[in-house]
Amino acid sequence: MTASDISARLARRLAWHQALHDPDYDPRARSHWLAELRRWQAARLRVSFAHFLEDPTRAPAATFFLGDVYGDRDFTRRDADIARILPTMRRLLPARLLETVADAIELGALSQALDLHMVEALQRLAPRRRKLDDALYAEAYRDVGRAGLRKRQVRLIGRVGRGFGKALKMRGVSALLAFSRGPARLAGLTELQGFLERGYGAFEALGDPDAFVAEIERDEGEVSRRLFAGHLAPYALDD
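Looking at an unreviewed UniProt entry, the chain carries the name DUF8198 domain-containing protein, with the source organism given as Luteimonas flava.

1. A few points about the overall build of the chain
The number of helices and strands found in the chain is 12 helices and 0 strands. In the chain, the succession of helices and strands from N to C terminus is α-α-α-α-α-α-α-α-α-α-α-α. Counting contacts in the chain only where the partners sit at least 6 residues apart, residues at least 24 apart contribute 75% of the total. As displayed, the chain has an accessible area near 11700 Å², and 53% of this comes from carbon and sulfur atoms.

2. Examining the packing of aromatic side chains
Applying the stated criterion across every chain yields a total of 8 aromatic pairs. Where Tyr141 meets Phe228, the ring centres are 4.9 Å apart and the plane angle is 55°; that geometry is what we call tilted. Note that Tyr141 is positioned in helix H8 (residues 134–144) and Phe228 in helix H12 (residues 209–229), a separation of 87 residues in sequence. Three or more aromatic residues link up through ring pairs in this structure, and these residues are Trp40, Tyr137, Tyr141, Phe228 and Tyr235.

3. Description of H12
With 21 residues, H12 extends 30 Å between its outermost C-alpha atoms, agreeing within 8% with the 30 Å of an ideal straight helix rising 1.5 Å per residue. Restricting attention to buried positions, one finds in H12 the residues Pro209, Phe212, Val213, Glu215, Ile216, Glu217, Asp219, Glu220, Val223, Ser224, Arg226 and Leu227. Looking one or two places after H12, you find Gly230, whose phi comes out positive at around 75°.

4. Structural notes on the environment of Gly165
Inspection of the secondary structure assignment puts Gly165 in helix H9 (residues 147–167). Among the residues examined, Gly165 registers a relative accessible area of 7% and is labelled buried. Through-space distance from the C-alpha of Gly165 to that of Tyr200 is 7.7 Å; in sequence the pair is 35 residues apart. When near neighbours in sequence (up to four residues on either side) are disregarded, Gly165 contacts Phe203 and Pro209.

5. Digging into the environment of Trp16
In this fold, Trp16 is placed in helix H1 (residues 3–20). Overall, the relative accessible area of 32% leaves Trp16 in the partly exposed class. Non-local contacts of Trp16, meaning those with residues more than four positions away in its chain, are made with Glu106, Ala109, Leu110 and Ala113.

6. A look at the pattern of salt bridges
As enumerated under the stated definition, the model contains 19 salt bridges in all. Here Glu36 ties to Lys131 by a salt bridge, and the two come within 3.8 Å at their closest N and O atoms. Here Glu36, found in helix H2 (residues 32–48), pairs with Lys131, found in the loop between helix H7 (95–125) and H8; they are 95 residues apart in sequence, far enough to count as distant. Glu36 sits in the buried class, given a relative accessible area of 6%. Residue Lys131 is classed as exposed on the basis of its relative accessible area of 51%. Among the ionic pairs, Arg218 bridges to Asp219, the shortest N-O distance being 3.3 Å. In this structure, a network of salt bridges that share partners links the residues Arg13, Glu106 and Arg152.

7. A look at the packing of H8 against H12
Between H8 and H12, the shortest axis-to-axis distance is 8 Å and the interhelical angle comes to 90°. As judged from the angle between their axes, H8 and H12 are roughly perpendicular. On the side of H8, the interface is formed by Tyr137, Ala138, Tyr141 and Arg142, while H12 contributes Ser224, Leu227 and Phe228. Per-class residue counts for the contact of H8 with H12 are 5 nonpolar, 1 polar and 1 charged.

The rules behind these values
Each chain has its residues counted from 1, running along the sequence as written. Owing to the predicted nature of the model, reporting of local features is limited to residues with pLDDT of at least 70; listing and counting of side-chain atom pairs is limited to 80 or more, with chain, interface and lining totals taken over all residues. Neither water nor hydrogens contribute to the side-chain values; these are computed over all heavy atoms in the structure. Note on conventions: DSSP H or I runs of at least 4 residues are helices, E runs of at least 2 residues are strands, and numbering of each starts at the N terminus. For this analysis, residues touch if any pair of their heavy atoms sits within 4.5 Å. Accessible surface is estimated by sampling points in the Shrake-Rupley manner with a 1.4 Å probe; for residues, cover comes only from the protein chains shown. Stacked, edge-to-face and tilted labels apply to pairs of Phe, Tyr and Trp rings (six-membered ring for Trp) whose centres lie within 6.5 Å, assigned for plane angles under 30 degrees, over 60, and everything in between, in that order. How far a helix is expected to stretch is found by multiplying one less than its residue total by 1.5 Å. Here's how the labels work: a residue is buried when its accessible area is under 20% of the maximum for its type, exposed when over 50%, partly exposed in between, all with a 1.4 Å probe on protein chains only. Salt bridge criterion: a side-chain nitrogen from Lys or Arg within 4 Å of a carboxyl oxygen from Asp or Glu. To get an axis, fit a line to the C-alpha atoms, keeping to the stretch in contact for a helix; angles then go from 0 to 180 degrees between the N-to-C directions. When describing relative orientation, an angle under 35 degrees is termed roughly parallel and one over 145 degrees roughly antiparallel, while 65 to 115 degrees is termed roughly perpendicular and anything else oblique. Just so you know the grouping, Ala, Val, Leu, Ile, Met, Phe, Trp, Tyr, Cys and Pro go in nonpolar, Asp, Glu, Lys and Arg go in charged, and all remaining residues, Gly too, go in polar.

In structure tokens form, the structure reads like this:
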């Protein structure tokens, strides 16, 4: 895939991402369930990632995933940065790193789309409730279905991780990120610059990025399978 193709894909994913976060476009984004759902999912992931966070070599990459890739953080500023300098990114960033940015945006958009379907299910299943628990989350998860999109979500997590892992092996990426730090600050692009630097730095600390990413893909895929199957303890993967 050429840089031009990746840039076009990135532009489409950005438009999708921005529309899904606009409550005027999708009123479900105004629901109280959305913030509660994000809070609950972020807390669940912190528990699932506890063994990563306790390992000094894997903690930076786990923190990056929780905060920048698959967490409840607001990515509006980062996405605005990308939309503003998309033509420049196509010229300056290596195609592989540009594709990783596109994967991260698609992951965010897909996660938001699935969350909005969850919001709809929660409003129908528990209109008077304000808080989630394991049982209600699992019921809504099965109600939404879309197993194929859940698998795509897990695959995108892996693609983003592997993308940063591959960037480590590319000549000049570290120097490019260091060189762009000052211009990015002057241009007001600190969110995008921070995302790229945090991702690169987090994976630089890993001894084996592929093994780390594969473990996340395996575990999150198994959690999804158990949720669809109605497993009584879908997150206890040591059982």
